[in-house]
Amino acid sequence: MKIDAFHYIQLGTVYRGLSVVPDEEVIEMYEGSHVPLEQMSDFYGKSSHGNTMKQFMDIFSLPEMTLLSCVNEYFLKNNVDYEPVHLYKDVKDSIRDVHTKGIMYRAIEADIEKYICYPEQTRAVLAKLADHGKKMFLITNSPSSFVDKGMRYIVGKDWRDLFDVVIVQAEKPNFFNDKRRPFRKVNEKGVLLWDKIYKLQKGQIYKQGNLYEFLKLTGWRGSKVLYFGDHIYSDLAVHRDAESQLVLQEWKKERKEMREMTKGSFNTQFGSLFRTDQNPTYFLRRLSRFADIYMASLSCLLSYDVSHTFYPRRTPLQHELPAWSDRPPAARLPLLQEAQAK
């Protein structure tokens, strides 16, 4: 099923096997279309600690969802009585075994052109970053042999020359929060060495480790680090010629002035109760989770008929926002004021 940011089910997107579950059945099953917080997945999107839902959030989820749906559909069509929890756990364990036992890696390595789309611009991007003095690192859960073969195919035989640090079998997400896992050096034959790691050297391959040691040994931290991962949230392209830079600076100045003006119209100290410069406030998020309608006073209802229906406003996504750049400043001001107010 598809659920919005406030835990409401989008009716028409609930599937049992390969068939859509009727809206009436969904509403009866969940006593409405809202899923209580205690039923949602945990912080990492997993079903654990009493949570009964798992969040599928990356490209690896596609085969898992497909396998679950198809097996479910088979059982339903053939009137096979089954426990859904067993089905979920068996599929999850099967996919885990395919990874941990190396079955998937061996299959891809044996026919790499079938499974890996060749992105011809990847090397150009990496080379551009390296040429501009950027320090680059690769942190992956995959084993060294698989990484080497894949990167040779995608980037070239000299792919390691582009990266300052290469870490394999990192075991993310444990890599980010387990400080007890030191780095180990891997030699050219894939053999683990016993050496204590005092520095992460270019040209070497390291295994496991943790984020704390990574930051300590490299000194790379904070907003200066740009991380490319499975979840891509936004892209930003800015022209670098002098004329475009002047326009950009004018926009930044105009944006700052508008922010101060709109802030003052709400509260000179904090601005709107409902938003920061870019995002909804934490208060608004909590409010939106537990309340359907928010108003300044109960008397606000006097303006509405008792049979009035309140519809939620469709929230614009990043790619749906109006094109500010093709509007003159005077035309952009009312739109920006309205957007800030929302």
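Look above for the structure.
These numbers come from a predicted model, not from an experiment. (Residues numbered from 1 in each chain as written. Predicted model: local features only at pLDDT ≥ 70, side-chain atom pairs only at ≥ 80, totals over all residues. Heavy atoms only, no water.)

For this particular structure, what's the right way to read the pattern of salt bridges?
Between side chains of opposite charge, pairing is possible as soon as their charged atoms come close. Going through the model one piece at a time under the given rule, you end up with nine salt bridges. Taken together, the salt bridges that share partners define one network made up of Asp93, Arg96 and Asp97. (Salt bridge = Lys/Arg side-chain N within 4 Å of Asp/Glu carboxyl O.)

Could you clarify how one ought to interpret the pairing of strand β6 (residues 205-208) in this entry?
The side chains of a regular strand alternate between both faces of the sheet. As judged from the three bridges shared by strand β4 (residues 165-168) and β6, these two strands associate in the parallel manner. Following the sheet pairing, Val166 is matched in β6 by Ile205. In this sheet, β6 lies alongside strand β5 (residues 183-186) in antiparallel orientation, the contact comprising four bridges. Note on β6: the bridge partner recorded for Lys185 is Tyr206. (Pairing = 2+ DSSP bridges. Helix = DSSP H or I, 4+ residues; strand = E, 2+ residues; numbered from the N terminus.)

Looking at this structure, how should I read the pairing of β4?
In β4, alternate side chains face the same way, and those of Val165 and Ile167 on one face and Val166 and Val168 on the other are all buried. Pairing of strand β3 (residues 137-139) with β4 involves three bridges; the strand directions are parallel. Bridge pairing in β4 places Leu138 opposite Val166. (Buried < 20%, exposed > 50% of the residue type's maximum accessible area, 1.4 Å probe, protein only.)

I tried to follow unusual backbone geometry on my own but got confused; where do I start?
Negative phi is the rule for most residues except glycine; trans is the rule for most peptide bonds. Phi angles above zero are rare outside glycine, and Glu31 is one such case at about 55°. Along the chain, Glu31 falls in the loop between α1 (23-30) and α2 (61-77). You can call Glu31 exposed: its relative accessible area is 77%. In this structure, Asn79 is a non-glycine residue whose phi angle is positive, near 55°. Residue placement: Asn79 occurs in the loop between α2 and α3 (84-100).

By themselves, these figures tell us nothing about what the structure is for.
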